[in-house]
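Examination of the molecular architecture
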Amino acid sequence: MTTQNCYLCDRTASSVPSESWKKFISCETCGEYEITEELQHFTLSLFGEKNKYVLSGLCRELKETEQDVPCLTTQNLNELMSRSPVPDMEDINAKLEKLLAAVKRKSDHFGKIVELQRDGDYPLAYAKNDKEFFAFIDQLVAMKLLELKEEDNRTKFVMLSASCWAHPSNKMDNEESSTEIGFKV
Ligand SMILES: [Zn+2]
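What counts as what
- Residues numbered from 1 in each chain as written.
- Predicted model: local features only at pLDDT ≥ 70, side-chain atom pairs only at ≥ 80, totals over all residues.
- Core = buried A, V, L, I, M, F, W, Y, C linked by C-beta atoms within 7 Å.
- Buried ≥ 20, exposed ≤ 12 C-beta atoms within 10 Å, placed from the backbone.
- Helix = DSSP H or I, 4+ residues; strand = E, 2+ residues; numbered from the N terminus.
- Domains from an automatic or database assignment.
- Contact = placed C-beta atoms within 7 Å.
- pLDDT = per-residue confidence, 0-100.
- Pairing = 2+ DSSP bridges.
- Axes fitted to C-alpha atoms, helices over the stretch in contact; angles between N-to-C directions.

Overview of the nonpolar core
Judged by nonpolar contacts, the single largest core of 39 residues is most densely connected at Cys6, Leu99, Ala125, Phe136 and Leu140. Contributions of two or more residues to this core are made by β3 (22-27), β4 (31-36), α2 (52-64), α4 (92-105), α5 (130-142) and β8 (155-160). Split by domain, the residues of this core number at least three in each of domain 1 (2-82) and domain 2 (92-178). If sequence neighbours within four positions are ignored, Cys6 has contacts with Arg11, Ala13, Ile25, Cys27, Thr29 and Cys30.

Digging into the confidence of the model for the protein
Mean pLDDT over the protein works out to 89, with 88% of the residues at or above the 70 mark. Across residues 174-185, confidence stays below pLDDT 50; counting only partners more than four residues off in sequence or on other chains, it has 13 contacts.

Digging into the sheet that holds β4
Pairing is mixed in the open sheet, where 5 strands are placed in the order β1-β2-β3-β4-β5. Looking along the sheet, the strands with just one partner apiece sit at the ends: β1 (2-5) and β5 (71-72). Across 5 bridges, strand β2 (residues 12-19) lies against β3 in antiparallel orientation. Counted as the bridge partner of Val16 is Phe24 from β3. Each of β4 and β5 touches α2; the most contacted strand, β4, lies at about 120° to it.

And the structure:
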């Protein structure tokens with residue numbers, strides 16, 4: 001195992017050759033993925049820096065929900081961008097639901113404090129960057145689905161609200177709450 005920069009987020013990740021033509025990357029931010037030699041050299045930048053966060057979101061969600069590790073190739077990038085469980089990137093409600101689902105996954109009891117890191121957890125919401133990520137958390141707090149317990153510049157500590165526990169299927173797509181969501185994409 002060696003250390004290198006993650007191809008998706010540029011943070012430090014671990015890397016293991018899985019076969020001669022591809023390697024396995026494990027990143028705390030992006031989860032796990034395989035990437036082909038061709039794509040490594042051809043570079044993901046041809047595909048567009050602006051789309052990497054979608055792949056980070058996909059790989060992180062697959063890791064957290066214990067699904068198969070995806071293999072990123074030059075051929076399948078577009079397919080990966082639109083495969084399940086990737087939400088519609090223009091749909092703020094869908095991204096808020098992803099974030100809420102992630103907090104639920106980490107909450108095994110009422111009162112559980114979940115730590116969300118500005119730098120490392122933005123893929124949980126398929127957020128474009130850390131600013132969008134923190135805005136999503138603020139929005140879920142405003143909607144009374146999360147309670148903010150503590151925060152600093154780098155971390156927000158949240159817990160699922162009592163109403164969230166009382167209505168575990170609480171979705172963002174009911175009319176009352178969707179009218180409250182009003183920030184720009
Ligand atoms: Zn990464």
